[in-house]
Amino acid sequence: MSDLELLTQSLARNVKHWRAVRGFTLDTLAARAGVSRGMLIQIEQARTNPSLGTVVKIGDALGVSITTLLDYEQGPKVRVVPAEQAVRLWHTDEGSFSRLLAGTEAPGPLEMWDWRLMPGEGSASEPHPPGTVEIAHVTAGELTLTVDGVEYRVPAGASVTFEANAPHRYGNQGDIPTEMVLTVSVPPPPVS
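Residues numbered from 1 in each chain as written. Predicted model: local features only at pLDDT ≥ 70, side-chain atom pairs only at ≥ 80, totals over all residues. Heavy atoms only, no water.

A.B. asks: Would you mind going over helix 1 (residues 3-22) in detail, with residue names and values included?
C.D. replies: Taking 1.5 Å of rise per residue, the 20 residues of helix 1 would be expected to cover 28 Å, and the 28 Å separating its terminal C-alpha atoms lies within 8% of that figure. Considered for burial, the residues of helix 1 that qualify are T8, S10, L11, A12, N14, V15, W18 and R19. Each element contacted by the buried residues of helix 1 is listed here: helix 2 (26-33), helix 3 (37-44), helix 4 (52-62) and helix 5 (66-70). G23 sits one or two residues past helix 1 and shows a positive phi near 75°. (Helix = DSSP H or I, 4+ residues; strand = E, 2+ residues; numbered from the N terminus. Expected span 1.5 Å × (residues − 1). Buried < 20%, exposed > 50% of the residue type's maximum accessible area, 1.4 Å probe, protein only. Contact = heavy atoms within 4.5 Å.)

Shown next as structure tokens:
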């Protein structure tokens, strides 16, 4: 199956899934997204390859990211996104561009951190509340991420997302500094 076919199938499955989760009918989603009911039917039946603008409108109406709608991985606890899988959404002849590195849903507080780990150093973290998700993008060196006792190597240019309700540690086992951008999404407190 080609990448385009994989994305078309994933989009169909994920739009249906999130529409059901939100309790939206086709008509409700069409009205919220400003997309025709017929277009939604074609998308959910994987019979069309909609424009990026249409996917953005549907994602916004469902309250989920483009990454979530196009994700063809099924339920991994940890997902390393190799540099070559970053999606370049637009570019100019002069060299400007935007790349979607990795994304996740953020129902509560969201923090972004700048990290540097010198060779041989690391930082451990206790489990966060259930539903907490972290995303790291390594800009230099290599991150050794340990989640619940399992090591994951994340090289420069790659990103990783993981559920942070297990013990985890950021480490640098290399001989040059590791630099990364880290985002932490914490679920909102329960309503009493």
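A.B. asks: Now, about the packing of helix 2 against helix 3: what can you tell me, with residues and values included?
C.D. replies: Interaxial distance between helix 2 and helix 3 falls to 9 Å at its minimum, and their mutual angle equals 110°. In terms of axis orientation, helix 2 runs roughly perpendicular to helix 3. For the pair helix 2 and helix 3, the crossing hand works out as right-handed. Along the contact surface, helix 2 presents L26, D27, L29 and A30, while helix 3 presents R37, L40, I41 and E44. Of the residues assigned to the contact of helix 2 with helix 3, the class counts are five nonpolar, no polar and three charged. (Axes fitted to C-alpha atoms, helices over the stretch in contact; angles between N-to-C directions. Parallel < 35°, antiparallel > 145°, perpendicular 65-115°, else oblique. Left-handed = near helix turned anticlockwise from the far one by under 90°. Nonpolar A, V, L, I, M, F, W, Y, C, P; charged D, E, K, R; others polar.)

A.B. asks: Would you mind going over the side chain of R19 in detail, with residue names and values included?
C.D. replies: Checked against the element boundaries, R19 lands in helix 1. With relative accessibility at 17%, the residue R19 sits in the buried group. Setting aside its immediate chain neighbours within four residues, R19 contacts F24, T25, L26, L29, E44 and L62.

A.B. asks: Could you give me a rundown of the environment of D148, with the residues and numbers involved?
C.D. replies: Structurally, D148 is set in the loop between strand 7 (142-147) and strand 8 (150-155). Distance in space between the C-alpha atoms of D148 and A166 is 5.5 Å, their sequence separation being 18 residues.

A.B. asks: Give a detailed account of the sheet that holds strand 10 (residues 168-171), specifying residues and quantitative values.
C.D. replies: Taken in spatial order, the four strands of this open sheet run 5-10-7-8, and their pairing is antiparallel. Both edges of this open sheet fall to strand 5 (122-125) and strand 8, since each of them pairs with a single strand only. Between one strand axis and the next, the sheet turns by 15° as a mean value, whatever way the strands run. Relative to strand 8, strand 7 runs antiparallel, the two sharing six bridges. Residue pairing for strand 8: L143 is matched across the bridge by V154. (Pairing = 2+ DSSP bridges.)

A.B. asks: Now, about the packing of helix 1 against helix 4: what can you tell me, with residues and values included?
C.D. replies: It is at 10 Å that the axes of helix 1 and helix 4 come closest, and there the two elements cross at 25°. When the axes of helix 1 and helix 4 are compared, the pair comes out roughly parallel. Crossing angle aside, the handedness with which helix 1 passes helix 4 is left-handed. Residue-level inspection shows L11, V15, W18, R19 and R22 of helix 1 in contact with helix 4, the latter providing V55, I58 and L62.

A.B. asks: Any chance you could break down the pairing of strand 10 for me, citing the residues and the numbers?
C.D. replies: Both strand 5 and strand 10 contribute to a ladder of four bridges, which runs antiparallel. Opposite S123, over in strand 10, you have Y170 as the bridge partner. Relative to strand 10, strand 7 runs antiparallel, the two being bridged by four bridges. Bridged to V147 within strand 10 is H168.

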